[in-house]
Amino acid sequence: MKVFEKAPAKINLSLDVLHKREDGYHEVEMVMTMVDLADRIEMQELPRDTIIISSQAGYIPLDEKNLAFQAARLIKDRYDVKQGVYIHLDKKIPVAAGLAGGSSDAAATLRGLNRLWRLGIGADELQKLGAELGSDVPFCVTGGTAIARGRGEKLEPIESPPQCWVILAKPPINVSTSEIYGKLNAAGIRKHPSTEGVLRAIREKRFDLLCGELGNVLEEVTLDLYPEVRQLKEVMIKLGAEGVLMSGSGPTVFGLVSKETKIPRIYNGLRGFCKDVFAVRLLT
Ligand code: ATP
């Protein structure tokens, strides 16, 4: 038996940090949605009690450090599954990019193994399992568009943003999420994004308002550490993207674009700066 799952990338339309908690995590408030750029995950049952990971991408761990491996082990342990699984990750999402590629792979593995082994686990329980693997995994389990609070695990689904093009560009640097959060001075944030503004733009289906309200508190840290990300934002605005923001902890920058006719100019202009450029639609 074999199953397939798509693991789409996420972007943050807003990312706010309210404060640093006593347990060391940051209390966040984020509006997240998914885009049509996805890894493809194949899961094949093995009669032996083992988990094997493979991928065409040479630059991700293929052992227990891989989040898909951790997802498989968690579900096997928790539901006492004796069979093993061979998991192939066809990676399309750039790694360590702020697009939650690893988290989405983990979430897709939970969904896929739930089907493969006919475990009948409900969405709530899958999200709880996901929270044990990482802060972005619960959102990736169900996808759509949602407000995430807590450390990312408290989710409230909301309606989709107005459909548009999304240009993603990742400069050739890798950014560690924990380093960026570690360097954020949560008590001294210069400007908090307006979560309410983003929510209103979505409710009223106003693309122009959405573009104006995008905000990510982590830009304060990443843009100072990596000036190429700041430069990439400026280039994307100059090329005509209507709303531009860094996703997650970066370094990927995304631009929202309302008209398809604008895409070739922006896409080609960005290719002069980075190899990883994608023009996709929102997954609504
Ligand atoms: P987030 O936005 O959730 O912080 P990210 O997009 O910044 O995630 P990932 O692509 O998830 O980053 O990769 C972060 C790290 O996780 C990398 O250093 C990578 O080696 C490791 N990793 C583990 N499993 C995977 C996976 N299945 N795909 C990609 N990276 C993985």
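Residues numbered from 1 in each chain as written. Predicted model: local features only at pLDDT ≥ 70, side-chain atom pairs only at ≥ 80, totals over all residues.

1. With respect to the overall build of the chain
Scanning the chain from N- to C-terminus turns up 10 helices and 11 strands. For a compact globule of 284 residues, the expected C-alpha radius of gyration is about 19 Å, and the chain comes in at 19 Å, within 12% of that figure. Sequence-distant contacts in the chain: of pairs separated by 6 or more residues, those separated by 24 or more amount to 72%. (Helix = DSSP H or I, 4+ residues; strand = E, 2+ residues; numbered from the N terminus. Rg over C-alpha atoms; globule rule 2.2 N^0.38 Å. Contact = placed C-beta atoms within 7 Å.)

2. Things to note about the site of the ligand
In the region of the ligand, 21 residues are neighbours, and Gly101, Gly102, Asp105, Thr177 and Gly248 sit closest. Looking at the shell around the ligand, the elements with two or more residues in it are helix H1 (67-78) and helix H2 (101-116). For the shell around the ligand, the domains that each give at least three residues are domain 1 (2-158) and domain 2 (165-281). (Near = placed C-beta within 6 Å. Domains from an automatic or database assignment.)

3. What to know about the domain arrangement of the chain
Structurally, the chain comprises domain 1 (2-158) and domain 2 (165-281). Inter-centroid distance (C-alpha atoms) of domain 1 to domain 2 is 23 Å. At the interface, 22 residues of domain 1 touch 33 residues of domain 2. At the level of secondary structure, the elements contributing two or more residues to the side of domain 1 that touches domain 2 comprise strand E1 (2-20) and strand E2 (26-46). It is E1 that contributes the most residues to the side of domain 1 that touches domain 2, 9 residues altogether. Of the residues in the side of domain 1 that touches domain 2, the class split is 13 nonpolar, 5 polar and 4 charged. (Nonpolar A, V, L, I, M, F, W, Y, C, P; charged D, E, K, R; others polar.)

4. Considerations on the UniProt feature "domain: GHMP kinase N-terminal" (unreviewed entry) in the chain
With numbering matched to this structure, UniProt assigns "domain: GHMP kinase N-terminal" (unreviewed entry) to residues 66-144. Counted over residues 66-144, helix gives 54% and strand 9%. Its end C-alpha atoms are 24 Å apart. (UniProt positions renumbered as here; feature names shortened; annotations may be inferred.)

5. Some details on the sheet that holds strand E7 (residues 165-170)
In spatial order, the strands read E9-E10-E7-E11; together these 4 strands make up an open sheet with antiparallel pairing. Strand pairing shows two members of the sheet lacking a second neighbour, strand E9 (243-246) and strand E11 (276-281), which therefore form its edges. Each adjacent strand pair in this sheet contributes to an overall mean axis angle of 20°, direction not counted. Helix H9 (residues 227-239) rests against E7, E9 and strand E10 (253-257) of the sheet, and its axis sits at about 15° to E10. (Pairing = 2+ DSSP bridges. Axes fitted to C-alpha atoms, helices over the stretch in contact; angles between N-to-C directions.)

6. Considerations on the pairing of strand E4 (residues 84-90)
Of the two faces of E4, only the one carrying Val85, Ile87 and Leu89 is buried; Gly84, Tyr86, His88 and Asp90 on the other face are not. Both E2 and E4 contribute to a ladder of 7 bridges, which runs antiparallel. Bridging across to E4, glutamine 44 finds its partner in tyrosine 86. Direction of pairing for strand E3 (residues 51-55) relative to E4: parallel, over a ladder of 5 bridges. By the bridge assignment for E4, serine 55 is matched with leucine 89. (Buried ≥ 20, exposed ≤ 12 C-beta atoms within 10 Å, placed from the backbone.)

7. Section: the UniProt feature "domain: GHMP kinase C-terminal" (unreviewed entry) in the chain
Residues annotated in UniProt with the feature "domain: GHMP kinase C-terminal" (unreviewed entry) correspond here to residues 199-275. Between the end C-alpha atoms of residues 199-275 the distance is 33 Å, and the span holds 53% helix and 14% strand.

8. As for helix H6 (residues 195-203)
By the burial criterion, the buried members of H6 are Thr195, Val198, Ala201 and Ile202. Down the axis, H6 shows its buried residues gathered within 130° of arc, on one side only. Residues Glu196 and Arg203 are exposed on H6 and point more than 90 degrees away from its buried face. Of the surrounding elements, those touching the buried residues of H6 are E1, E2, strand E6 (154-158) and helix H7 (207-213). Lysine 205 sits one or two residues past H6 and shows a positive phi near 50°. (Arc of directions from axis to C-beta.)

9. Observations regarding unusual backbone geometry
With an omega dihedral of 5°, the bond running from glycine 250 to proline 251 counts as a cis peptide bond. Phi is positive for alanine 100, which is not a glycine, with a value near 60°. For alanine 100, the location among the structural elements is in the loop between E4 and H2. Residue alanine 100 is classed as buried on the basis of its C-beta count, with 30 C-beta atoms lying within 10 Å.

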